[in-house]
Amino acid sequence: MLAVMDREHDVVLFGVTGFVGALTAEHLARYAPAGVRIALAGRSADKLAATRAGLPPAARGWPLIVADSRDPAGLAALAASTRVLATTVGPYARYGLPVVEACARAGTHYADLTGEVLFVRAAIDAVHELALESGARIVHACGYDSIPSDLGTLMLHERAEADGAGQLTDVRLVATVRGGFSGGTIDSLRAQIEAYESNPGLRRVAADPHALSPDRTAEPTPGQPRDAGIPSRAADGSWHAPFVMAPFNTRIVRRSNALLDWAYGPALRYGEVMGTGSGVTGALAAAGITGGLVGLVGAMSVKPVRGLLDRVLPAPGTGPSEQTRAKGWFRSVLHATTSSGRRYRATVAGPGDPGYAATAVMLGQSALCLALDDLPQRSGSLTPATAMGRPLIDRLRVAGHRYDVVAV
């Protein structure tokens, strides 16, 4: 295991000249404790300097590091210079694996914002054993993908265990949001579809509900809820639509369960939907979202149409105005049943557009948590719940996000 206490930096933020990268840097400049050594990294010295100049005063002295994900020697030096490297450089399937490998070799803790099942699977296969040896915590999905899902389920498990209520058997997350999808999210979807075109077998990998399991053959056999489907009506009369993040978030939660030796419950069924409200309005919204998702994925699967969509969909590195971001919010309510029949409800919520403002808070606090906090003695390819868990929940509460569990 490599020592990281004597590194030049505590946190390096890679990709800071992109939209979410700059928002994360702004969050760190406002809320990182005094004395934390932060550096900014990216491909262009001029863009790095311009980004730093627009940050709050605390960032004015932060070092700038020119680095490119296509330069192995430069990435190795970058990873070796810091205790934690947080990256927003995506699509991760296209640019991320060399960064993960550099961190795993250097014993450097790593955090990203990926929502790409195929990338995470490739990273697990490539570096998990290496990171175990070096002591690196490789932590994917440190934004709206998939912190509310992962930490919300962890809270449910901890509460049920403390109450002696048995293991979790069914958990369903209902997501409601105000905000849009980032250009990076669209670019990740595009990259995944292109991967299917070059290797159709990858579609089966991504569709596997246990695609990110550390040991697929050891997974319990109960079926998992479908990630896609038709609009549905809950017992309370509210309407649900498929949730665009479910095909990724559910795999992260199931990986957390497996990494903890299925402590949540070997029979756990975990699913996610989007809440659209009640009555006729809720039903119409659910139908519209369902049709829109099917239409978008279908359209992006046709090369000529994909080219036309590229002209109108958000571009990578772009995002909404500060006023629009401030009006956004997210709320994830997780409904759980345990093996004893007890029921619980967890709520994870926060202000700010989930794909931009709220995600910047999550990634920034994840980087600080990895650098500064007393964490579980784990290494390898991890998840937010298994790498950081309760310390990250505590940090995000202080940062203004809501995390609570009640018995119902």
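Being a predicted model, the structure only gives us computed values, none of them experimental. (Residues numbered from 1 in each chain as written. Predicted model: local features only at pLDDT ≥ 70, side-chain atom pairs only at ≥ 80, totals over all residues. Heavy atoms only, no water.)

*Asks:* Just to check I follow, could you spell out the pattern of salt bridges for this structure?
*Replies:* Any two side chains of opposite charge can pair, given that their charged atoms come close. Taken as a whole and assessed by the stated rule, the structure comprises 15 salt bridges. Measuring nitrogen to oxygen at the nearest pair gives 2.3 Å for the salt bridge that ties Arg 390 to Glu 158. Of the two residues, Arg 390 is situated in helix 16 (residues 390-398) and Glu 158 in helix 7 (residues 147-162); the sequence distance between them amounts to 232 residues. Of the residues examined, Arg 390 reaches a relative accessible area of 30% and is grouped as partly exposed. Residue Arg 269 is joined to Asp 170 by a salt bridge in which the shortest nitrogen-to-oxygen separation is 3.5 Å. Here the residue Arg 269 occupies a position in strand 10 (residues 269-278), and Asp 170 occupies one in strand 7 (residues 168-178), the gap between them amounting to 99 residues. We classify Arg 269 as partly exposed; its relative accessible area is 31%. For Asp 170, a relative accessible area of 36% gives the class partly exposed. (Salt bridge = Lys/Arg side-chain N within 4 Å of Asp/Glu carboxyl O. Helix = DSSP H or I, 4+ residues; strand = E, 2+ residues; numbered from the N terminus. Buried < 20%, exposed > 50% of the residue type's maximum accessible area, 1.4 Å probe, protein only.)

*Asks:* Help me understand the sheet that holds strand 2 (residues 38-42) in this model?
*Replies:* The strands that make up a sheet pair up through hydrogen bonds in the backbone, lying either parallel or antiparallel. The sheet built from 7 strands is open, its strands ordered 3-2-1-4-5-6-13 with parallel pairing. Single-partner strands in this sheet number two, and they are strand 3 (64-66) and strand 13 (380-382). Strand-to-strand twist in this sheet, taken as the mean axis angle between neighbours without regard to direction, amounts to 20°. Note: strand 1 (residues 9-14) against strand 2, 4 bridges, orientation parallel. The partner of Phe 14 across the bridge, within strand 2, is Ala 41. (Pairing = 2+ DSSP bridges. Axes fitted to C-alpha atoms, helices over the stretch in contact; angles between N-to-C directions.)

*Asks:* Looking at this model, I keep getting lost on the sheet that holds strand 11 (residues 329-338). Mind explaining?
*Replies:* If you walk across this open sheet you meet the 7 strands as 8-9-10-7-11-12-14, and the pairing is mixed. This sheet does not close on itself; its edge strands, each paired only once, are strand 8 (232-233) and strand 14 (402-407). In the sheet, strand 11 pairs with strand 12 (residues 343-351) via 9 bridges, with the strands oriented antiparallel. Residue pairing across strands places Thr 337 opposite Arg 343, the latter belonging to strand 12. Across the sheet, helix 7 is in contact with strand 7, strand 10, strand 11, strand 12 and strand 14; its angle to strand 12 comes to roughly 145°. (Contact = heavy atoms within 4.5 Å.)

*Asks:* What am I meant to see in the UniProt feature "domain: Saccharopine dehydrogenase NADP binding" (unreviewed entry) in the protein here?
*Replies:* The sites that UniProt annotates as "domain: Saccharopine dehydrogenase NADP binding" (unreviewed entry) are residues 11-135. Spanning residues 11-135, this segment combines 50% helix with 18% strand, and its end C-alpha atoms are found 17 Å apart. (UniProt positions renumbered as here; feature names shortened; annotations may be inferred.)

*Asks:* Is there a simple way to think about unusual backbone geometry in this case?
*Replies:* Negative phi characterises most residues that are not glycine, and trans characterises most peptide bonds. With an omega of 0°, the peptide bond running from Gly 90 to Pro 91 counts as cis. Of note, Pro 91 is situated in the loop between strand 4 (82-87) and helix 4 (92-95). Cis geometry is adopted by the peptide bond preceding Ser 146, which originates at Asp 145 and carries an omega value of 0°. The residue Ser 146 is located in the loop between strand 6 (137-139) and helix 7 in this model. Positive phi, normally seen in glycine, also occurs at Ala 141, with a value near 65°. With respect to the element layout, Ala 141 can be found in the loop between strand 6 and helix 7. Assessed through its relative accessible area of 0%, Ala 141 is described here as buried. The backbone of Asp 261 shows a phi angle near 60°, a positive value even though the residue is not glycine.

*Asks:* Could you clarify how one ought to interpret the environment of Asp 145 in this entry?
*Replies:* As for its position among the elements, Asp 145 is in the loop between strand 6 and helix 7. For Asp 145, a relative accessible area of 12% gives the class buried. As for Asp 145 and Met 362, which are separated by 217 residues in sequence, their C-alpha atoms are 9.8 Å apart. Once residues lying within four places of it in the same chain are set aside, the contact partners of Asp 145 are Thr 114, Gly 115, Met 245, Phe 248 and Asn 249.

*Asks:* When you look at the packing of helix 7 against helix 10 (residues 246-259) in this model, what are you seeing that I'm missing?
*Replies:* Two packed helices can be described by the angle between their axes and the distance between those axes. At their nearest, the axes of helix 7 and helix 10 sit 9 Å apart, and the two run at 35° to each other. Here the hand of the crossing between helix 7 and helix 10 comes out right-handed. Between helix 7, through Ser 149, Asp 150 and Thr 153, and helix 10, the contact on the second element is made entirely by Asn 249, Ile 252, Val 253 and Ser 256. Looking at side-chain class alone, the contact of helix 7 with helix 10 contains 2 nonpolar, 4 polar and 1 charged residues. (Left-handed = near helix turned anticlockwise from the far one by under 90°. Nonpolar A, V, L, I, M, F, W, Y, C, P; charged D, E, K, R; others polar.)

*Asks:* What's the story with the environment of Gly 54 in this structure? I'm lost.
*Replies:* Along the polypeptide, Gly 54 turns up in the loop between helix 2 (45-53) and strand 3. In the structure, Gly 54 is positioned 170 residues away from Gln 224 in sequence and 46 Å away in space, judged by C-alpha atoms.

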